[in-house]
Structure formats: structure tokens, C-alpha cells
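# Fold and contact review
For reference, the chains in residue letters:
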Protein chains: 2
Amino acid sequence: MSDNVKINRGLKGVYFERSGVSDIDGAAGKLSYRGYSIHDLATKSTFEEVSYLLIHGELPTPAELADYDAQLKAARVLPPQIHDIIAACKDGHPMDVLRTAVSALAALEPDSQQVGEQAFIENGIRLTSQVPMIIAAHEAIRNGRTPVAADPTLGHAANWLWMLKGEKPTESTARLADVDFILHAEHGANASSFAARVTVGTEANLHGAIVTALSTLAGPAHGGAAEDVMKMVHEIGSPDKAAAYVKTKRTAREAVTGFGHRVYRKEDPRARHMREGVRQLGEEMGAPEWYAILQAVVEAMSPYARHGLNVNVDFYSGVIYQLHGIPMDLYVPIFAIGRMPGWIIQCVEQQRGNILIRPLTLYNGPDMRDYVALEDR
Amino acid sequence: MSDNVKINRGLKGVYFERSGVSDIDGAAGKLSYRGYSIHDLATKSTFEEVSYLLIHGELPTPAELADYDAQLKAARVLPPQIHDIIAACKDGHPMDVLRTAVSALAALEPDSQQVGEQAFIENGIRLTSQVPMIIAAHEAIRNGRTPVAADPTLGHAANWLWMLKGEKPTESTARLADVDFILHAEHGANASSFAARVTVGTEANLHGAIVTALSTLAGPAHGGAAEDVMKMVHEIGSPDKAAAYVKTKRTAREAVTGFGHRVYRKEDPRARHMREGVRQLGEEMGAPEWYAILQAVVEAMSPYARHGLNVNVDFYSGVIYQLHGIPMDLYVPIFAIGRMPGWIIQCVEQQRGNILIRPLTLYNGPDMRDYVALEDR
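All values derive from a computational prediction rather than experimental measurement.

So, how was this worked out
- Residues numbered from 1 in each chain as written.
- Chains lettered and ligands numbered in written order.
- Predicted model: local features only at pLDDT ≥ 70, side-chain atom pairs only at ≥ 80, totals over all residues.
- Heavy atoms only, no water.
- Helix = DSSP H or I, 4+ residues; strand = E, 2+ residues; numbered from the N terminus.
- Rg over C-alpha atoms; globule rule 2.2 N^0.38 Å.
- Buried < 20%, exposed > 50% of the residue type's maximum accessible area, 1.4 Å probe, protein only.
- Contact = heavy atoms within 4.5 Å.
- Areas by Shrake-Rupley, 256 points an atom, 1.4 Å probe, with all protein chains shown as cover.
- Buried area = accessible area lost by both parts, 1.4 Å probe.
- Salt bridge = Lys/Arg side-chain N within 4 Å of Asp/Glu carboxyl O.
- Polar contact = N/O pair within 3.5 Å; in protein donor to acceptor, adjacent residues only side chain to side chain.
- Nonpolar A, V, L, I, M, F, W, Y, C, P; charged D, E, K, R; others polar.
- Pairing = 2+ DSSP bridges.
- Domains from an automatic or database assignment.
- Axes fitted to C-alpha atoms, helices over the stretch in contact; angles between N-to-C directions.
- Parallel < 35°, antiparallel > 145°, perpendicular 65-115°, else oblique.
- Least-squares fit on C-alpha atoms with pLDDT ≥ 70 in both.
- Core = buried A, V, L, I, M, F, W, Y, C linked by side-chain atoms within 4.5 Å.
- Phe/Tyr/Trp six-rings, centres within 6.5 Å; stacked < 30°, edge-to-face > 60°.
- Lys NZ or Arg CZ within 6 Å of the ring centre and 35° of its normal.

### Re the overall build of chain A
When you go through chain A residue by residue, the secondary structure sums to 16 helices and 5 strands. Computed over its C-alpha atoms, the radius of gyration of chain A comes to 22 Å, within 12% of the 21 Å expected for a compact globule of 377 residues. For chain A, the spread of C-alpha atoms along the three principal axes comes to 70 × 55 × 50 Å. Across the 377 residues that make up chain A, the buried fraction comes to 62%. The contacts of chain A with a sequence gap of at least 6 include a subset with a gap of at least 24, amounting to 75%. Total accessible area computed for chain A in this model is approximately 13,800 Å², and 50% of it derives from carbon and sulfur atoms.

Given below as C-alpha cells:
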């Protein structure tokens with residue numbers, strides 16, 4: 001093969017499809033879903049509404065939203081075998097258990113085998129409700145509790161916290177989770193959504209694609225940043241030690257976690273909403289030191305901002321989860337709850353005029369050679 | 001965004017990485033693993049040897065092969081929870097059950113959380129042995145039988161057939177399965193291997209990547225061809241009806257299954273070995289009609305060969321499985337058994353100098369618009 005073939009490592013800058021779902025302007029630090037600024041959605045909307053918007057393309061009318069909400073609530077059911085499967089592997093990482101349960105749903109619910117736009121949307125609604133239930137059921141089972149039933153009076157975020165903790169969340173706690181889900185709901189051809197599209201490209205069903213997305217999100221370079229930031233905050237310990245920590249990292253040419261993003265060159269526009277959440281929650285709970293440490297790290301990193309090293313969305317979310325008393329190994333599963341609508345609509349788009357996604361590798365192995373029998377080696 | 005951005009639909013013709021594992025010359029219809037012709041490997045080698053070759057880059061010496069074989073045999077163990085999990089979803093499609101069990105292994109076996117070349121190879125060896133065991137256990141459980149234990153006197157292919165059927169295969173039956181696995185072992189950046197690389201690109205572990213590969217292989221446009229060909233053969237019924245069947249399909253501009261491939265313009269070089277297998281097996285078993293129908297379809301399709309519509313590897317494999325009395329829904333799982341070494345080595349390659357695989361979509365949705373409150377819609 002010719003040596004002047006272009007290798008697009010990481011497919012950086014390569015466009016593989018058009019998409020009408022979200023627009024990311026990485027140079028300007030802007031993000032919109034279906035034409036609506038992420039800032040408007042984070043401050044004025046709800047996860048249910050954003051989910052509808054992403055999947056159907058328009059904000060719902062009150063009647064449409066009520067109907068969509070009813071569908072989501074009706075879908076808060078797990079086949080009984082799912083609890084058995086969770087119990088059988090309860091000591092595993094919650095992402096592995098979640099992925100196993102979603103994969104099992106494909107085997108347990110015959111509707112999951114259907115393909116096409118309508119089937120993807122219906123199966124997507126079911127999974128949107130089931131994913132937080134699975135995570136909450138696992139948390140209960142591994143702690144020796146019986147999973148609680150869903151509460152039909154609660155919205156998506158509040159019901160998730162209810163099922164996770166077995167106690168009703170305050171309004172502000174539920175709203176913070178709601179905003180978190182809105183901010184994570186969709187982000188173009190990120191690795192997990194792209195991998196899901198590769199799976200759909202073979203005409204696989206939605207459950208298979210979501211399983212792929214979960215496997216891909218689980219990688220530390222994708223969904224793992226919130227957990228890594230929390231570990232960093234614990235390591236730093238107090239705001240006055242942040243500058244020295246950053247200096248040591250930069251001198252060793254190591255990355256400071258929570259900074260930089262493949263797409264954004266300015267600050268990730270989602271970060272500000274989580275920052276405000278951390279600040280408020282820390283004050284409310286009498287634990288302002290976490291926010292102070294984070295901001296001290298940001299200050300110490302400011303000289304590198306012009307090189308594109310700005311905070312990303314996951315810089316702040318870990319501290320919120322910590323203040324809510326959520327175990328660190330649930331941070332990535334929480335990301336998955338939020339990302340469901342984005343994965344679903346990316347899969348819906350992919351199956352329209354579907355095409356197999358199959359790039360090429362350039363061979364750089366040995367030249368052709370003769371086989372040598374085992375006894376002659 | 002500019003309209004003159006190039007969209008690489010399906011990433012057709014896009015190189016994303018170099019790979020030293022297999023070389024596919026689609027124009028010439030040639031395939032080699034690590035410099036060895038697929039024809040030599042299919043006629044002179046074994047799956048164990050090819051697996052070693054793919055993963056380590058060189059054919060093993062007798063001592064290396066004995067050691068590798070001992071590792072594979074020692075890995076023929078499933079945690080007891082896996083049978084419970086299979087039983088909990090036994091009525092599902094075998095690909096969904098297989099994927100669920102592999103996903104659960106990640107939760108049950110702590111070593112699966114390790115990353116890096118050595119960990120990928122060790123976990124890969126374990127999965128290579130466990131995947132056929134899971135498929136066989138599922139087949140036993142769904143038919144009310146107790147799964148049989150692995151037989152350490154048997155090689156990989158023979159042990160698979162033993163565990164599947166509960167009776168020892170003949171030498172020629174085992175050899176045909178062995179050749180099938182060799183032919184399916186590796187094929188560059190095919191959709192499942194590519195998807196697995198996307199998962200590894202986020203620094204995920206091998207089990208996650210194999211789960212992704214299984215989800216992606218399950219799509220009818222990737223692993224499903226053998227099953228579709230078998231359905232076509234049943235529909236045609238006898239050799240004299242093949243020409244009319246092909247004419248009807250071509251007139252309706254519908255694809256004839258088992259013909260054509262994204263990469264090959266000439267006959268898929270793997271096809272000839274399966275063709276010879278079908279012919280011999282049909283004669284041995286007194287059922288030559290399947291081969292006759294297949295060849296009548298090839299004859300009827302010959303005018304389209306110059307357009308690149310040649311038989312691919314899966315055109316013949318389904319009939320072999322049928323003659324072996326294997327249910328149709330196990331055809332894709334069998335493909336997965338064979339493809340394990342290819343998936344493993346593609347993941348090993350990806351994690352060397354790893355990079356996030358994250359392409360772009362070009363936004364074609366609505367322009368920026370103002371948020372309208374729910375009550376005003």
C-alpha cells in the first residue's frame with residue numbers, strides 16, 4: 001500500500017454524517033439542542049421536556065408533554081429476572097452490572113428485537129425509565145436493601161433519587177439532578193454515541209446499540225472524568241495546596257483531570273451550570289471547601305486556558321454527587337441516565353438511510369511469507 | 001457550517017489507523033493474516049495456531065503452541081453465576097444471552113478490569129475459551145439439559161461441538177468447525193472490530209470492547225448473512241428454481257443474500273474453503289441438494305460478478321451448520337467464536353498509543369431560536 005495514504009488517527013476532524021440534533025461550536029464554546037441554547041434549557045426546562053425535544057425535534061405542547069411523561073412513568077417496570085441477574089453479579093462495578101441488565105432486557109423483552117424509527121423510540125422510552133431503576137436496584141441489592149417501587153407522583157430526576165436512596169429528595173436536590181441530566185443529554189458524535197451508531201449501522205436493534213454505548217462510556221477517557229476529579233480533590237485536600245498540585249502535574253507534563261476536551265477550545269458551556277450548583281449546594285450543606293478547592297485549581301490552570309485547557313462539564317459534577325452522598329462508582333452510571341435521549345436519537349438518525357460504518361486500517365505488517373509446518377519451526 | 005465540508009458516509013475509504021494484523025486486497029480477492037495466505041492457514045493450520053499467530057505476530061514453536069493450548073484449556077471455566085444468568089434469560093436470542101453473559105463476566109471476574117497489553121491478552125485467552133462454553137451452556141439450558149463439562153483431551157473446535165451436542169464429534173466434523181473458525185478469525189476494521197476499537201479508545205477494558213463487538217456483530221448486515229442464506233436456500237427449495245428466484249430479486253432491485261462485500265470486488269477468498277466443505281459434507285451425509293442449490297444460485301448470479309457481486313464467506317457456512325444439525329439462531333454466535341482472536345488483537349493494537357476515536361457530524365438542524373415557556377406553546 002502507498003505511504004501517502006492519509007491516516008485520520010482518532011478520526012479527528014472527520015465528518016461521517018449530518019445530524020440535526022445538537023450543534024457544538026467548539027471554538028466559541030457554544031452548545032445547542034435543536035436550536036435551543038444549552039443555557040436556556042439548563043435554567044428553564046426539565047429533563048422530560050429536553051428528552052422530548054431531542055427525540056421529536058420540537059418542544060412539546062402541554063398535552064404532548066403530559067403524554068410523554070405518562071409513557072415514561074408507565075415504563076418504570078423491570079422484568080422480575082432483572083433483580084436476580086443484578087443479585088448474581090452485585091459485587092461488580094455498577095457500569096458492568098447496568099450493562100449486563102440492559103443486555104438481558106434485550107433477551108427478556110421481545111419488543112426489543114424490533115428495528116425502525118417507531119420501535120427505536122418506543123424501546124428508547126422504556127430504557128430511559130429502566131436505566132435509572134437498574135442502577136438504583138443494584139445500589140439497594142448490594143447494600144442488602146430491597147429495591148423500592150417507583151413513585152408515579154415524582155418526575156424522572158426525583159424518582160431516580162427516591163429509588164436510589166429510599167427517601168424523598170428535596171426540591172432543590174431533585175432540580176440539581178434534573179439539570180445534570182439536561183446538561184449530559186446529548187453531545188453529537190462523542191465516542192459512546194458514535195459507537196452506538198456503528199452498532200446500528202449493521203442493522204442491529206436499539207438495545208444492542210445502548211449496550212455498546214454503555215461499554216464505551218465506561219472508559220475513563222469518556223465517562224470517568226467526574227470520578228477522577230473527585231479523587232483529585234481529595235488528593236489536594238485544601239484550596240492552598242491547589243497551585244502546588246497543578247505545578248507538579250504540569251512540570252511532569254501530566255494532564256490535570258477535568259480540563260480540556262476534544263471539541264471545546266473555550267470553556268465547556270455546560271460547566272457553568274454545574275459550577276453554580278456546587279457553590280450553592282456547598283453553602284446549603286455547610287461544606288464550601290469543595291467549591292473552594294475546585295476554584296483554586298481553575299485559578300492555577302488559568303495560564304493554560306489559551307491552549308484550550310478549560311474546565312469541562314465533569315469538573316464540577318463529581319463534587320455535587322459527593323455532597324449528595326452518592327458513591328463514586330455511580331458517577332458514570334449517572335452520566336448514562338442523562339445521555340439516554342442523545343443515544344436514542346443518534347440511533348434513530350443512523351437507521352434512516354442506514355449505511356454500514358466500516359473504515360479501513362492501513363496494513364503495516366509482514367510481507368507475504370510461506371507457511372512453515374509446526375515440526376520445522 | 002460550510003456546505004463544502006466532505007461527509008464520509010459509512011467512513012467508506014477512510015483510514016483511521018495502521019494495523020499489522022491482516023491484509024485485505026479487495027480488488028484482487030486476497031486475504032492474509034500476519035503475512036500468511038488465508039489459503040495456507042485454512043488448509044494447513046489449526047484455530048489454536050492461528051489465534052496465537054494473530055495475537056503474537058508469529059507462528060508458534062511446538063513448545064509455544066503447547067503452552068498456549070494449555071492456557072486455553074485451563075481457561076475453560078465459568079463462574080457458577082453465569083449458568084444462573086443464562087437460565088434467567090434463556091428464551092432470548094443466543095446473541096443477546098451470550099452478550100449478557102460476557103458482560104456479567106466483567107462484573108464477576110476482577111481481572112477483567114485491568115487494561116494494558118498483557119491484561120488484554122490474558123483476559124482475551126479467558127474469553128476465547130469462555131465464549132463457546134456460554135453458547136453451549138445456553139443451548140443445553142434452553143433444551144432442559146445440564147451443560148456438560150469441557151473435555152481437556154479435545155481441541156478448541158472439537159470441545160465446542162462436544163459441549164454443544166453432548167456427544168463427541170467425528171474428526172472431519174471437528175476439522176470443518178476448525179476451518180470455519182480460522183476463516184472468521186480476523187478481518188481488519190470490520191464493523192464489530194472497529195466498534196470494539198472505539199470502546200477501547202476511551203480506555204475501557206477488553207470485556208467492554210468484546211461486549212461492543214458482540215452487539216455490533218449481531219446486526220443482520222454484519223454477522224447475520226449465514227442465517228439469511230439458509231432461509232433463502234429453504235425458500236428456493238430445489239436447484240432448478242434458483243434462476244427464477246435470482247431473476248425476481250434482481251428485477252425488484254433487491255439484494256441476493258450472501259453476495260457482495262464492502263471490501264471485496266472479486267470472490268471473497270474465504271468462500272472457497274467453505275464451498276468445498278459444503279460439497280464434501282453433503283456427499284458424506286447423503287444430502288447433496290443443498291450444495292446443488294447454492295451452486296445454481298452462484299450460476300444465476302454470474303452475470304453480476306463483474307459488478308462486484310461475488311459470494312462472500314457466509315454464503316456457504318449456513319448450510320454446513322444446518323447439516324451439523326445446529327439451530328439457525330446459533331449461526332451468529334458461531335461467527336463470534338471464530339472472530340475472538342481478531343477482536344482481541346485489534347483491541348491490543350488500539351491501546352498502544354491510544355487515542356479517543358471521536359469523529360464529527362455536520363449540523364443540519366434548526367437555526368438558533370428562543371425558548372418558549374410551556375404555557376405559551
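### Here's the deal with the interface of chain B and chain A
Taken together, the contacts link 99 residues of chain B with 100 residues of chain A. Between chain B and chain A, the buried area comes to about 9,100 Å², and carbon and sulfur atoms account for 59% of it. When the buried surface of chain B facing chain A is broken down by residue, Tyr15, Arg358 and Tyr371 of chain B rank first, second and third, together holding 11% of it. Applying the counting criterion to the chain B and chain A interface returns 6 salt bridges. A salt bridge links Arg9 of chain B to Glu17 of chain A; the shortest N-O distance between them is 2.9 Å. Our count for the chain B to chain A interface comes out at 58 residue pairs in polar contact (both at pLDDT 80 or more). Examining the composition of the side of chain B that touches chain A, we find that 9 residues originate from one element, helix 5 (residues 94–108) of chain B, more than from any other. Class assignment for the residues of the side of chain B that touches chain A results in 45 nonpolar, 33 polar and 21 charged. Sheet topology note: the strand 5 (residues 360–363) of chain A/strand 1 (residues 15–19) of chain B ladder contains 4 bridges and is parallel. Paired with Tyr363 of chain A across the two strands is Ser19 of chain B, which belongs to strand 1 of chain B.

### Considering the sheet that holds strand 3 (residues 30–33) of chain B
Sheet strands pair by backbone hydrogen bonding; their relative direction is either parallel or antiparallel. Read across the sheet, 3 strands follow the order 2-3-4 (chain B) without closing on themselves; strand pairing throughout is antiparallel. The open sheet has two free edges, formed respectively by strand 2 (22–25) and strand 4 (36–37) of chain B, since each of these has just one partner strand.

### A look at the domain arrangement of chain A
Residue and element names in this part refer to chain A. Splitting chain A by domain gives domain 1 (22–222 + 329–351) and domain 2 (225–323). With centres defined by C-alpha atoms, the gap from domain 1 to domain 2 works out at 26 Å. Domain 1 puts 27 residues into the contact, and the matching count from domain 2 is 26 residues. For the pair domain 1 and domain 2, the summed buried surface comes to about 2,000 Å²; carbon and sulfur atoms form 64% of the total. Across the contact surface, domain 1 and domain 2 share 0 salt bridges. Linking domain 1 with domain 2 are 7 residue pairs in polar contact (both at pLDDT 80 or more). For the side of domain 1 that touches domain 2, the class distribution of residues is 14 nonpolar, 8 polar and 5 charged.

### What about the packing of helix 13 (residues 271–284) of chain B against helix 14 (residues 289–301) of chain B?
Residues and elements named next belong to chain B. Running from N to C, helix 13 and helix 14 cross one another at 140 degrees; their axes reach a closest spacing of 8 Å. When the axis of helix 13 is compared with that of helix 14, the two are oblique. Taken together, the residues of helix 14 that come into contact with helix 13 (itself represented by Arg275, Val278 and Arg279) are Tyr291, Leu294 and Gln295. For the contact of helix 13 with helix 14, the per-class residue count stands at 3 nonpolar, 1 polar and 2 charged.

### Here's the deal with the side chain of Asp151 of chain B
Residue and element names in this part refer to chain B. By secondary structure assignment, the location of Asp151 is in the loop between helix 6 (117–142) and helix 7 (156–165). Judged by its relative accessible area of 10%, Asp151 falls in the buried class. Side-chain polar atoms of Asp151 contact the side chain of Thr153, separated by 2.6 Å.

### A few points about the sheet that holds strand 2 (residues 22–25) of chain A
Residues and elements named next belong to chain A. Read across the open sheet, the 3 strands follow the order 2-3-4; overall the sheet is antiparallel. A strand with exactly one partner marks an edge of an open sheet, and here the two such strands are strand 2 and strand 4 (36–37). In this sheet, strand 4 lies alongside strand 3 (residues 30–33) in antiparallel orientation, the contact comprising 2 bridges. Residue pairing for strand 4: Ser32 is matched across the bridge by Ser37.

### A few points about the relation of the copies chain B and chain A
Between chain B and chain A, which share one sequence, the superposing operator has a rotation angle of 180 degrees and an axial displacement of 0.0 Å; the RMSD is 0.0 Å. Expressed as an axis order, the relation between the two copies is that of a two-fold axis. Residue Thr212 of chain B, judged by its C-alpha, is the member of chain B lying nearest the rotation axis, at 2.2 Å.

### Quick look at the pattern of salt bridges
Residues and elements named next belong to chain A. Following the criterion strictly, the structure yields 40 salt bridges over all chains and no others. For Asp40, the salt bridge goes to Lys44, with nearest N and O atoms at 3.4 Å. Taken together, the residues Asp40 and Lys44, both in helix 1 (residues 38–44) and 4 residues apart, mark about one turn of the helix. Among the salt bridges present, the one from Asp69 reaches Lys73, with a minimum N-O distance of 3.2 Å. Of this pair, Asp69 and Lys73 are both found in helix 3 (residues 62–74), 4 residues apart, which corresponds to roughly one turn of the helix. Under the relative-accessibility criterion, Lys73 is labelled partly exposed at 25%.

### Things to note about the nonpolar core
In this structure, Val297 of chain A together with Val297 of chain B are the most contacted members of the largest nonpolar core, which totals 234 residues. Non-local contacts of Val297 of chain A, meaning those with residues more than four positions away in its chain, are made with Met232, Ile236, Ala242, Val246, Val256, Phe259 and Phe315 of chain A. Residues Leu11 of chain A together with Ala191, Ala195 and Ile357 of chain B belong to the second largest nonpolar core, which totals 18 residues.

### Observations regarding the packing of aromatic side chains
Geometrically, a pair of aromatic rings is defined through the distance of the ring centres and the angle of the planes. On inspection of all chains with the given rule, the structure shows 15 aromatic pairs over all chains. Centroid distance Tyr371 of chain A to Tyr36 of chain B: 6.4 Å. Interplanar angle 80 degrees. Geometry classified as edge-to-face. Taken as a pair, Tyr371 of chain A in the segment after strand 5 and Tyr36 of chain B in strand 4 lie in two separate chains rather than in one. For the residue pair Tyr371 of chain A and Tyr36 of chain B, the accessibility class agrees, reading buried in each case. Taken together, the ring pairs connect Phe16 and Phe194 of chain A together with Phe16 and Phe194 of chain B into an aromatic cluster. A cation sits over an aromatic face here: Arg250 of chain A above Tyr304 of chain A, 4.1 Å from the ring centre. The lysine or arginine in question, Lys168 of chain B, covers the ring of Trp162 of chain B, its NZ or CZ lying 4.7 Å from the ring centre.

### Brief notes about unusual backbone geometry
Its identity as a non-glycine residue notwithstanding, Arg34 of chain A has a phi of 55 degrees, on the positive side. Examined against the element boundaries, Arg34 of chain A turns out to sit in the loop between strand 3 and strand 4. Of note, Glu203 of chain B is a non-glycine position whose phi angle comes to about 70 degrees, a positive value. Within the secondary structure, Glu203 of chain B is located in the loop between helix 9 (191–201) and helix 10 (206–217). What makes Glu203 of chain B partly exposed here is its relative accessible area of 43%.

### Focus on the environment of Pro147 of chain A
Residue and element names in this part refer to chain A. Along the chain, the position of Pro147 falls in the loop between helix 6 (117–142) and helix 7 (156–165). Residue Pro147 is classed as partly exposed on the basis of its relative accessible area of 22%. Placed 208 residues apart in sequence, Pro147 and Ile355 show a C-alpha to C-alpha distance of 41 Å. If we ignore the near neighbours within four places in the chain, the residues touching Pro147 are His83, Ala137, Ala140 and Ile141.

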